[in-house]
Amino acid sequence: MGNPNVGKSVVFSRLTGVRVMSSNYPGTTVNYTEGRMKVGEEEAQVIDVPGSYTLDPTCEAEEVAVRMLDLGDVVINVVDSTNLERNLFLTLQLLERKIPVVVALNMWDDTIHRGISIDLEKLHEELGVPVIPTVAVSGQGIKELVEALPNAVVGNHQERTREERWAAVGHVTDSVQIISHRHHTWAERLSDATVKPVQGGVIALGVLVLSFAAIRLIGESIISWVMDPMYETLWMPVVQHVSDLLGGEGVLHAVLIGRVSDGVIDPVESFGLLSSGVYVPLAMVLPYIVSFYLVLGLMEDIGYLPRLAVLLDSAMHRLGLHGYAIIPTLLGLGCNVPAVLATRILESRRERFIAATLVAIAVPCASLQAVVVGLVGNFGYRYVFIVYGTLLLVWLILGMILNRMMKGFSPELLIEIPRYRWPLLEPVFAKLWARVRGFLREALPVFFVAILAINLLYLAGAFDELARVAAPVVTQLLGLPAEAVVALLVGFLRKDVALGLLAPLALTAGQYVIAAVVLAMFFPCVATFAVMFRELGAKDTAKSAGVMLVSALTVGAILNAIL
Amino acid sequence: MFGWLRRRGSFSTEGDVVTLVTMNPGQVGIIVDVRGGRRMAERLAALGVRKDKRIKKVSSMILRGPVTIEVDRSQVAIGFHTAARILVDVSVK
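Residues numbered from 1 in each chain as written. Chains lettered and ligands numbered in written order. Predicted model: local features only at pLDDT ≥ 70, side-chain atom pairs only at ≥ 80, totals over all residues. Heavy atoms only, no water.

*Asks:* Any chance you could break down the overall build of chain A for me, citing the residues and the numbers?
*Replies:* Looking only at helices and strands, one finds 23 helices and eight strands in chain A. Taking 24 Å as the expected radius of gyration for a compact globule of 563 residues, we find that chain A reaches 26 Å, a close match to that expectation. By principal-axis analysis of the C-alpha atoms, chain A measures approximately 80 × 55 × 45 Å. Each of the 563 residues in chain A was classed as buried or not, and the buried ones make up 57%. The contacts in chain A between residues at least 6 apart in sequence include a share of 73% that link residues at least 24 apart. With an accessible surface of roughly 23900 Å², chain A has 64% of that area assigned to carbon and sulfur atoms. Computed over 41 positive and 51 negative side-chain charges, the inter-centroid distance for chain A is 5 Å. (Helix = DSSP H or I, 4+ residues; strand = E, 2+ residues; numbered from the N terminus. Rg over C-alpha atoms; globule rule 2.2 N^0.38 Å. Buried < 20%, exposed > 50% of the residue type's maximum accessible area, 1.4 Å probe, protein only. Contact = heavy atoms within 4.5 Å. Areas by Shrake-Rupley, 256 points an atom, 1.4 Å probe, with all protein chains shown as cover. Lys, Arg positive; Asp, Glu negative; His and termini not counted. Charge placed at Lys NZ, Arg CZ, Asp CG, Glu CD.)

*Asks:* Explain the overall build of chain B to me, using residue names and the numbers behind them.
*Replies:* Counting its regular elements, chain B contains three helices and six strands. Reading the secondary structure of chain B in the N-to-C direction produces α-β-β-α-β-β-β-α-β. Intrachain contacts of chain B at a sequence separation of at least 6 include 58% that bridge at least 24 residues.

*Asks:* Explain unusual backbone geometry residue by residue, including any values.
*Replies:* Of note, A:Ala506 is a non-glycine position whose phi angle comes to about 55°, a positive value. Relative to the assigned elements, A:Ala506 resides in the loop between α21 (495–501) and α22 (509–522).

*Asks:* If you had to explain the sheet that holds strand β6 (residues 131–133) of chain A to someone new, which residues and values would you point to?
*Replies:* All names here are of chain A. Here three strands make up an open sheet; going across it, the order is β3-β4-β6 and the pairing parallel. Each having just a single partner strand, β3 (75–80) and β6 make up the two edges of the open sheet. Averaged over all neighbouring strand pairs, the angle between strand axes comes to 25°, with direction disregarded. With three bridges connecting them, strand β4 (residues 101–106) and β6 associate as parallel partners. Bridge pairing in β6 links leucine 105 to proline 133. (Pairing = 2+ DSSP bridges. Axes fitted to C-alpha atoms, helices over the stretch in contact; angles between N-to-C directions.)

*Asks:* Outline the pairing of strand β2 (residues 28–34) of chain B, listing residues and values.
*Replies:* Residues and elements named next belong to chain B. Pairing geometry for β2 and strand β3 (residues 54–60), over three bridges, is antiparallel. By the bridge assignment, isoleucine 30 is partnered in β3 with arginine 54. Across four bridges, the pairing between β2 and strand β6 (residues 86–89) is antiparallel. Looking across to β6, one finds that valine 34 is bridged to isoleucine 86.

*Asks:* Outline the sheet that holds strand β4 (residues 67–71) of chain B, supporting the account with residue identities and numerical values.
*Replies:* Here seven strands make up an open sheet; going across it, the order is β8(A)-β5(B)-β4(B)-β3(B)-β2(B)-β6(B)-β1(B) and the pairing antiparallel. Here the strands that pair on one side only, and so sit at the sheet edges, are β8 (414–417) of chain A together with β1 (17–19) of chain B. On average, each strand axis in the sheet is inclined to that of its neighbour by 40°, with strand direction left out of account. Relative to β4(B), β3(B) runs antiparallel, the two sharing five bridges. Looking at the pairing, B:Ser59 lines up with B:Thr68 of β4(B).

*Asks:* Break down the confidence of the model for chain B for me, citing the residues and quoting the values.
*Replies:* Residue and element names in this part refer to chain B. Predicted confidence across chain B gives a mean pLDDT of 84, with 83% of residues reaching 70 or more. Here helix α1 (residues 3–7) stands out as the least confident element of chain B, with mean pLDDT 46; β6 is the most confident, with 95. Here the predicted complex scores 0.90 on pTM and 0.86 on ipTM. (pLDDT = per-residue confidence, 0-100.)

*Asks:* Talk me through the interface of chain A and chain B; I want residue IDs and the actual numbers.
*Replies:* The accessible area lost on association of the parts is a frequent measure of interface size. Each side of the interface is counted separately: chain A has 32 residues, and chain B has 34 residues. Together chain A and chain B conceal approximately 3000 Å² of surface at their shared face, both sides included; 52% is due to carbon and sulfur atoms. Contact with chain B buries area across many residues of chain A, yet A:Arg86, A:Glu412 and A:Leu414 alone supply 23% of it, more than any other trio. Put simply, chain A and chain B have four salt bridges between them. (Buried area = accessible area lost by both parts, 1.4 Å probe. Salt bridge = Lys/Arg side-chain N within 4 Å of Asp/Glu carboxyl O.)

*Asks:* Account for the pairing of strand β1 (residues 33–39) of chain A, with residues named and values stated.
*Replies:* All names here are of chain A. Pairing between β1 and strand β2 (residues 42–48): seven bridges, direction antiparallel. When the bridges of β2 are listed, valine 39 appears paired with glutamate 42. Linking β1 to β2, which pair antiparallel, is a turn of two residues; within it glycine 40 sits at a positive phi near 65°.

*Asks:* How would you summarise the environment of A:Val555 if you had to cite specific residues and measurements?
*Replies:* Residue and element names in this part refer to chain A. Mapped onto the elements, valine 555 comes out in helix α23 (residues 526–562). Separated by 245 residues in the primary sequence, valine 555 and valine 310 have C-alpha atoms spaced 31 Å apart. Apart from residues no more than four positions distant in its own chain, valine 555 is found in contact with Thr390, Val394, Val517 and Met521.

*Asks:* Describe the packing of helix α3 (residues 84–96) of chain A against helix α7 (residues 162–176) of chain A, with residues and values.
*Replies:* Relative orientation and spacing of two packed helices are given, respectively, by the angle between their axes and the distance between those axes. Residue and element names in this part refer to chain A. Their axes nearest at 9 Å, the elements α3 and α7 cross at an angle of 125°. The orientation of α3 with respect to α7, classified from their angle, is oblique. Every pair of crossing elements has a handedness; the one defined by α3 and α7 is right-handed. Facing Leu84, Glu85, Leu88, Phe89, Leu92, Gln93 and Glu96 of α3, the residues of α7 in contact are Arg162, Arg165, Trp166, Ala168, Val169, Val172, Thr173 and Val176. Class assignment for the residues of the contact of α3 with α7 results in nine nonpolar, two polar and four charged. (Parallel < 35°, antiparallel > 145°, perpendicular 65-115°, else oblique. Left-handed = near helix turned anticlockwise from the far one by under 90°. Nonpolar A, V, L, I, M, F, W, Y, C, P; charged D, E, K, R; others polar.)

*Asks:* How would you explain the environment of A:Val547 if you had to name every residue and give the values?
*Replies:* All names here are of chain A. Structurally, the position occupied by valine 547 is in helix α23. Here the alpha-carbon distance between valine 547 and isoleucine 361, two residues 186 residues apart in the chain, equals 8.7 Å. Excluding residues that lie within four positions of it along the chain, valine 547 makes contacts with Thr357, Ile361 and Leu398.

*Asks:* Describe a nonpolar patch on the surface, naming the residues involved and giving the relevant values.
*Replies:* A grouping of A:Leu392, A:Leu393, A:Leu396, A:Ile397, A:Met400, A:Ile401 and A:Met405 is seen on the molecular surface, where their side chains present a nonpolar patch of about 670 Å² in accessible area. Within the secondary structure, A:Leu392 is located in helix α17 (residues 381–405). (Patch = residues over 30% accessible without salt bridge, like charges linked within 9 Å, V, L, I, M, F, W, Y side chains within 5 Å.)

*Asks:* Give a description of helix α2 (residues 60–68) of chain A that names residues and reports values.
*Replies:* The complete set of buried residues in α2(A) reads A:Ala61, A:Glu62, A:Val64, A:Ala65, A:Val66 and A:Met68. Close packing links the buried residues of α2(A) with β2 of chain A.

*Asks:* Explain α17(A) to me, using residue names and the numbers behind them.
*Replies:* Residues and elements named next belong to chain A. An ideal rise of 1.5 Å per residue puts 36 Å on 25 residues; α17 measures up with 36 Å between its terminal C-alpha atoms. Along α17, the residues classified as buried are Tyr383, Val384, Val387, Thr390, Leu391, Val394, Trp395, Leu398, Gly399 and Leu402. Where the residues of α17 are buried, they touch α12 (305–317), α13 (326–332), α15 (349–362), α16 (366–375), α22 and α23. (Expected span 1.5 Å × (residues − 1).)

*Asks:* Hey, could you go over the environment of A:Ala516 for me, with residue numbers and the actual values?
*Replies:* All names here are of chain A. Tracing the backbone through its elements, the reader meets alanine 516 in helix α22. Owing to a relative accessible area of 1%, alanine 516 belongs among the buried residues under this scheme. Separated by 484 residues in sequence, alanine 516 and tyrosine 32 have C-alpha atoms that sit 36 Å apart. Setting aside residues no more than four positions away along its own chain, alanine 516 makes contact with Val372, Val376, Val387 and Leu499.

The following block contains the structure:
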């Protein structure tokens, strides 16, 4: 337990070996994670909780933290040692509640170059509980922390009023801490520049352009230098061989290999389990997942995201959100599931609804983007830009409409801006691996199931009837061939598969753009839908789904009229 | 020259009391009052923004964007309307 962005998750990972996401901004953790560790001979359960400044929660994430408090026998209170005063308020609150506490003075290494000296003995005396200096990112002090756990005590603190508690905090800090003056570091100067209107704006634009360029460059490089050659030299012969063995036709061939046109098994269009089922997720989507999360992970760990929130705050207010909602939005460009979860850092229900709905409608996940770039990009990048531009417009306009339509107002931004940190390679890659593994474990099975189901239903002729029923809407309104209705339905399972399904239909560039936009907006994938259901409840999810349907068809029809 | 700007939005005429919004970037001062709801005051206090604290304004964003200040050697961004309710005495050096 501790304030936001003090390194609780890093301490937790060190204690239990369980990898949890950690970044350099407040609100990375929005849910609790359980793990186990050894204390002496005994095994103990450890719970990582979201950060909170006080025991009076202001958002869902903080509520989670306070709820979990009753479950613990001992609280490890992680404290940012470079900011004792702010952190000790929570420490005292915990102690007044008679909860046994061990204090981990984290980021201890930072106190040295920030000219702060803390008298550990004195602090221990003042608080009456064990105080252990730690540097969680390097593992320093973790062993001592574990050894101190059995010594956790409740201390000797009476209930205080808020004012009394602040006075007590002031007294403790004054008596244990000496701060010597030092000069501004480059990081602090950069920090100031990134929240100034002009410099900050220029820097933000540069960062965004650079990030997109880097994502594209890394993703494309992996595809053309690693995945494509590997698929062609290693896997393609296997697929060809299986195709020959099966005699080039039959049910099994249709499921495993898919359609063969002119003797060529196209890795995208064939749609067999072994052909497209391998190529699309691993050679088309995975490279972009890797490059997106690498760049995002670097930005997270450097600590840039909260600055972006400050810059965009006034614009976001027009959408009924405040600047910090940019964090779920950016996460959504990777995957909408963690993005909807991350709306827990927002204070009001109204904001959470708007943010989650906008993410589900107008923020395409990395998987869908990869296929958009891969397929729509064939017609020229102009069309990819139309897709992105349309979604951005939808995000803005729909946000403004929701803001007007919904009762209430959006709360104000109030965030701590973390210091810039030089990202450490090991944690950045560990985080990247955790996210990529998440994709492989959770997305890949759905991918195979989707392709299998499509093939079986095709063979059973189930789609013909469906296409006939939905044809008026799809052909008249959206200008797409009737078969596209299948893709829209499959979009509920996986959007990347859905867009891939359109590859053999020989659509025009305009039709592709419409299909991509409608697919992105139409309905969230089943995983996102489930999280929305859990986070927003049935009523709001239904409302949100209604907004999706109406806006997707409207925008699709408009695009159809223009293109 | 910008005196009119500084006067507008300041609640008090005593001393050199301004709001965080009208304070100039780079200026240092001591918080004398945080007006507004108890809940907001508590959240601000938790971030080190409370009465008698010495702060330095870092920047304010255009179009009624947030004000960023430095307090306790760390930075906090505060929404425009909240910032307008925080009074700072800038006469102290």
